[in-house]
Amino acid sequence: MLDFVQQLVSGIALGCVYGLIALGFVLVYKATEVVNFAQGDLMMLGGFFAFTFISLLGFNYWLGFIAAVAAMAMFGMLAERLVVRPILGYPQFSIIMATIGLGFFLRSVAGMIWGTDDLKIETPFSHGVLRLGSLVLAYDKLSVIAATIVLCGVLYLFFNKTTLGTAMRASSENMLAAYYMGIPVKRVVSIVWAISAAVATCAGVLLAPITFVHSNVGLVLGLKAFPAAVLGGFGSIPGAVVGGVLIGVIESMAGFYLPQGWKDVAPYLVLLAVLLLKPEGIFGIHTRKKV
C-alpha cells in the first residue's frame, strides 16, 4: 500500500507537468484553432531561462522563477507575431509545419547556448520529505501538485472574472464576431500565446526537481502532453489537466507494476481505449457539423 501511494503521488506530480504543457496546447487552439507543436520546446526553453537566472546569475529561486516566466511570456508574443500571424488564414498544414519548425529551431539554439548536458535547478523543495508514519513523500513532488492547483485556480479566475479573460473566451468562441464587437483580436491572440509560454515555463521550472532539463526534454514531454490534451478533450481547459494527470499516473503505475517496456506504451493504450468509447475525449463536447 505504501508503494502504491508513493507511485500515485509521483504519477500525479509528473502528470501535473504533462497537464500544464497540455494546457498550453489547449489555450492556443481555443484562441486561434492552431495546434502549437512547439509547446513542449517552449517548456524546455523556459527551464533553461530559469536555470540561467537561478543557477548562473545567482537570482533567488522565486525571483528567478518570475523572471523566467516574464521572459518567456514576451518570447511567446514575439513567436506569435513573427511565426504564426503572417501565415494565419493559410491551410492548417502550413501553420502546423511552422510550429514544428519553430520547435526544431528552439532545440538547436538551446543546444548551442546551453550545451547537451543534463542540467538541474536547485529549489527550496529539492531535499525535504514529508513523513506520515511509514509513508515518505518528497517535497519536490508535493510542491509540483500544489503549484499546479494554485496555477489552475489563478487561470480560472482570470478567464472567468476579468474583462481580458472574457475577451479571450469570446475570441475563442467566434473570432469574427468578437472582432465586430470591438475586441482587439490580434492583441488577444498575442496575449494567449504569452500566457501559453508562461504556463509552459512554470511546467519547466516545476519539472526541474523531478528530472533534469536538457535540449530534448521538450520533445519527449510534448509527445506525452499532446495525447493528454486529446484524452481530456482537445479544447477543454480542465480536460487538459485531468488528461495529463491520468497519463502521469498510468505511466507511473505501469513502470512499477508491469514488465519493462509497458511504461511508455500503457498511456497510449488507455488513450486509444478512451477515444474508441468517447472520440471527443473525457471533457470534450460532441458537435455536429453540417456539410
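Residues numbered from 1 in each chain as written. Predicted model: local features only at pLDDT ≥ 70, side-chain atom pairs only at ≥ 80, totals over all residues. Heavy atoms only, no water.

Draft legend 1. Fine view of the overall build of the protein. Counting its secondary structure elements, the protein contains 11 helices and two strands. Mapped in sequence order, the helices and strands of the protein form the string α-α-α-α-β-β-α-α-α-α-α-α-α. Over its C-alpha trace the protein gives a radius of gyration of 19 Å, about what one expects of a compact globule, namely 19 Å for 291 residues. Taken across its 291 residues, the protein has 47% of its residues classed as buried. Within the protein, residue pairs in contact and separated by at least 24 positions form 72% of the contacts whose partners lie at least 6 positions apart. Only carbon and sulfur atoms are counted for the fraction: they give 69% of the accessible area of the protein, which is about 14,500 Å². Between the averaged position of the 17 positive side-chain charges in the protein and that of its 12 negative side-chain charges there is a distance of 12 Å. (Helix = DSSP H or I, 4+ residues; strand = E, 2+ residues; numbered from the N terminus. Rg over C-alpha atoms; globule rule 2.2 N^0.38 Å. Buried < 20%, exposed > 50% of the residue type's maximum accessible area, 1.4 Å probe, protein only. Contact = heavy atoms within 4.5 Å. Areas by Shrake-Rupley, 256 points an atom, 1.4 Å probe, with all protein chains shown as cover. Lys, Arg positive; Asp, Glu negative; His and termini not counted. Charge placed at Lys NZ, Arg CZ, Asp CG, Glu CD.)

Draft legend 2. Up close: the nonpolar core. Among the nonpolar cores identified, the biggest contains 82 residues, and Ile 21, Met 43 and Leu 221 are the most heavily contacted of them. With 16 residues, helix 8 (residues 185-207) is the single largest residue contributor to this core. Setting aside residues up to four positions removed in sequence, Met 43 forms contacts with Ile 21, Ala 200, Ala 203, Gly 204, Leu 207, Val 217, Gly 218 and Leu 221. (Core = buried A, V, L, I, M, F, W, Y, C linked by side-chain atoms within 4.5 Å.)

Draft legend 3. Molecular detail of the packing of aromatic side chains. Applying the stated rule across the entire model yields nine aromatic pairs. Taking 5.3 Å as the distance between ring centres and 75 degrees as the angle between the ring planes, the aromatic pair formed by Phe 158 and Phe 159 counts as edge-to-face. The class of Phe 158 is partly exposed, set by a relative accessible area of 21%. Taken together, the ring pairs connect Phe 25, Phe 37 and Phe 226 into an aromatic cluster. Just above the ring of Phe 104 sits the side chain of Arg 107; from NZ or CZ to the centre is 4.5 Å. (Phe/Tyr/Trp six-rings, centres within 6.5 Å; stacked < 30°, edge-to-face > 60°. Lys NZ or Arg CZ within 6 Å of the ring centre and 35° of its normal.)

Draft legend 4. Quick peek at helix 4 (residues 92-114). The first and last C-alpha atoms of helix 4 sit 33 Å apart over 23 residues, in line with the 33 Å expected at 1.5 Å per residue. Among the residues of helix 4, Ile 95, Thr 99, Leu 102, Gly 103, Leu 106, Arg 107, Ala 110 and Trp 114 are the ones counted as buried. Those residues of helix 4 hidden inside the fold are in contact with helix 2 (39-56), helix 3 (61-84) and helix 9 (217-232). Downstream of helix 4 by one or two residues, Gly 115 has phi in the positive range, about 85 degrees. (Expected span 1.5 Å × (residues − 1).)

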